[in-house]
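Chain and residue survey
Below are the chains, spelled out letter by letter.
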Amino acid sequence: MTLNATSVLTIVQPKVVLADPHILSDIRDRRSIIDAIYDALVRRNDAGEFAPWLATHWTVDSRCRQWRFTLRTDVQFHSGAPLTARDAAASLQRALSPEMPGELGTQGVLRGYLEGVNITAQDDHHLLIETRQPFADLLDLLVDIPVVQADALPDRLVGSGPWQPLRQHFDTLIMQAFARHWAGAPPAETLIWRAEPDARRRLSMLAQGEADIAVDVSAQEAGNITWVKQKSYLCVIFLFNLFQGPMRDVRVRQAINHAVNLTTVIDDPAVAAGQADALAGPLSPRHPGTPATLAPYAFSPERARQLLAEAGYAAGLSLDIALPARFPDESIALADNIARQLGEVGIQVNLSVGHDRPAYAQRVRDKQF
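Quick look at the structure, then. Everything numeric in this text was worked out from a predicted model, so none of it was measured. (Residues numbered from 1 in each chain as written. Predicted model: local features only at pLDDT ≥ 70, side-chain atom pairs only at ≥ 80, totals over all residues. Heavy atoms only, no water.)

This brings us to the overall build of the protein. Scanning the protein for helices and strands turns up ten helices and 15 strands. In summary, the protein has a C-alpha radius of gyration of 23 Å against a globular reference of 21 Å for 369 residues, a match within 12%. Here the C-alpha coordinates of the protein stretch approximately 70 × 55 × 40 Å along the principal axes. For the protein, the residues scored as buried account for 40% of the 369 residues in total. Counting only contacts in the protein whose residues sit at least 6 apart along the sequence, the fraction spanning at least 24 positions is 64%. Each charge sign in the protein was given a centre, from 35 positive and 42 negative side chains, and these centres are 3 Å apart. (Helix = DSSP H or I, 4+ residues; strand = E, 2+ residues; numbered from the N terminus. Rg over C-alpha atoms; globule rule 2.2 N^0.38 Å. Buried < 20%, exposed > 50% of the residue type's maximum accessible area, 1.4 Å probe, protein only. Contact = heavy atoms within 4.5 Å. Lys, Arg positive; Asp, Glu negative; His and termini not counted. Charge placed at Lys NZ, Arg CZ, Asp CG, Glu CD.)

Looking now at the pattern of salt bridges. Two side chains of opposite charge can pair, provided their charged atoms sit close to one another. Evaluation of the coordinates by the stated rule reveals twelve salt bridges. The shortest N-O distance in the salt bridge between Asp277 and Lys231 comes to 2.3 Å. Pair noted here: Asp277 is in the loop between helix H7 (262-267) and helix H8 (301-310) and Lys231 is in the loop between strand S13 (213-214) and helix H6 (250-259), with a separation of 46 residues, a long-range link. Arg251 is the salt-bridge partner of Asp249, the closest N and O atoms lying 2.8 Å from each other. (Salt bridge = Lys/Arg side-chain N within 4 Å of Asp/Glu carboxyl O.)

Relative to the elements of secondary structure, Leu157 occurs in the loop between strand S9 (146-147) and strand S10 (163-169). Classification of Leu157 as partly exposed rests on a relative accessible area of 30%. Along the sequence, Leu157 and Gln122 sit 35 residues apart, while their C-alpha atoms lie 23 Å from each other. In contact with Leu157, not counting residues within four places along its chain, are Asp20, Pro21, Tyr38, Arg94 and Val148.

The mixed open sheet is built from five strands, whose spatial order is S10-S11-S12-S1-S13. Looking at which strands have only one partner, the edges of the open sheet turn out to be S10 and S13. Sheet topology places S10 next to strand S11 (residues 172-177); six bridges connect them, and they run antiparallel. Paired with Pro165 across the two strands is Met175, which belongs to S11. Of the strands in this sheet, strand S1 (8-13), S10, S11 and strand S12 (190-195) are in contact with helix H1 (residues 28-37), which crosses S11 at around 25°. (Pairing = 2+ DSSP bridges. Axes fitted to C-alpha atoms, helices over the stretch in contact; angles between N-to-C directions.)

Turning to the environment of Gln168, a few remarks are in order. With respect to the helices, strands and loops of the structure, Gln168 is situated in strand S10. Separated by 150 residues in the primary sequence, Gln168 and Leu18 place their C-alpha atoms 8.2 Å from one another. Once residues lying within four places of it in the same chain are set aside, the contact partners of Gln168 are Val16, Val17, Leu18 and Leu173.

Next up on the list: the sheet that holds strand S5 (residues 55-60). Ordered in space as S5-S6-S8-S7, the four strands form an open sheet in which the pairing is antiparallel. Each edge of the open sheet carries a strand with a single partner, namely S5 and strand S7 (118-123). Adjacent strand axes in the sheet meet at a mean angle of 20°, parallel and antiparallel pairs treated alike. The pairing of S7 with strand S8 (residues 126-130) spans five bridges and is antiparallel. The residue bridging Ala121 from the neighbouring strand is Leu127, located in S8. Contacting strand S6 (66-71), S7 and S8, helix H2 (residues 85-96) runs over the sheet at an angle of about 170° to S7.

In this description, a pair of aromatic rings is defined by centroid distance and the angle of the planes. The tally for this structure, following the rule as stated, stands at three aromatic pairs. When the ring of Trp53 is compared with that of Trp182, the centres are 4.6 Å apart and the planes differ by 70°; the resulting orientation is edge-to-face. With Trp53 in the loop between strand S4 (50-52) and S5 and Trp182 in the loop between S11 and S12, the pair connects residues that are 129 residues apart, well separated along the chain. In this structure, Trp53 and Trp182 share a single accessibility class: buried. Look at Trp58 and Phe69: their rings are 6.0 Å apart centre to centre, the planes differ by 40°, and that puts the pair in the tilted class. Placement of Trp58 in strand S5 and of Phe69 in strand S6 is noted, with a sequence separation of eleven residues between them. Members of the aromatic cluster, connected to one another through ring pairs, are Trp58, Trp67 and Phe69. A cation sits over an aromatic face here: Arg43 above Trp53, 4.0 Å from the ring centre. (Phe/Tyr/Trp six-rings, centres within 6.5 Å; stacked < 30°, edge-to-face > 60°. Lys NZ or Arg CZ within 6 Å of the ring centre and 35° of its normal.)

Written out as structure tokens, the structure is:
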């Protein structure tokens, strides 16, 4: 697709929300909109590596506690004000402040990683971040903290990204290209985001020319539609209580992994419709530090039954699993699929669904399950 300077680009996705950029979220619909309006110091490239963005480069001391960032000198905010290190410092401090709420009722998510951090604008284009303890994962956090214009706070959130929001009406958000973006003008003059929760309807809108891009649809060849896949960093995992009950035994944990056919789960149309990869642990291969040779558990119900017998559960056992009704929206279908497979090796799963998502998040945070 080739776009000219006067074109309109329409994106249809499940939800359209213009949110505070410093509320940490892994909801892709929200993050896509934030990334269109704001820039961060660092971003990930298509290979998953950290790359300069508002910062041209950075250095870190041998103790991994002092990080020095040099900022670009050609960046303007949508207001016309130039980017300075004070803007970056104010943005990081705001994102880390105790007053900044988190997604779904959580609090202090970023602050928990950087308690006691010292953030200093040394001059207009140099930023110093000092942590109390060695912290090699700083870049992993900075990619998710957009920089806003400090002088506009607290009343306005002014970004420097390729698009400026114009207006929002119900399920539609309209943006205008920021021609002075330091990386060059974006490929279309107007960007329209439309919300459509039904995946089949999104695909139909694309086929009928009502949208140029449809997000999260089943990748089945159809007409002249071009399918684009991009691996993300979102990992869907089940967390178990290892402090009491049968899950304290490593053999039980291994048995659960051997009992579940991840390919079947991923191919389930109600779960991922084939649009996922099996994980070998709680992180993806795109996360720094994950061994490239780490492989998922082999699907082997026989091995699962053997391990359960060795752990003293030859007659089976019962597990309680609490899950949210949404975020991830495939949560119930995912849990039903896994519960069915575990039942085949003698593990009875009792599912309880939390329909109040913020309350569920609070219970997770407070370790009440």
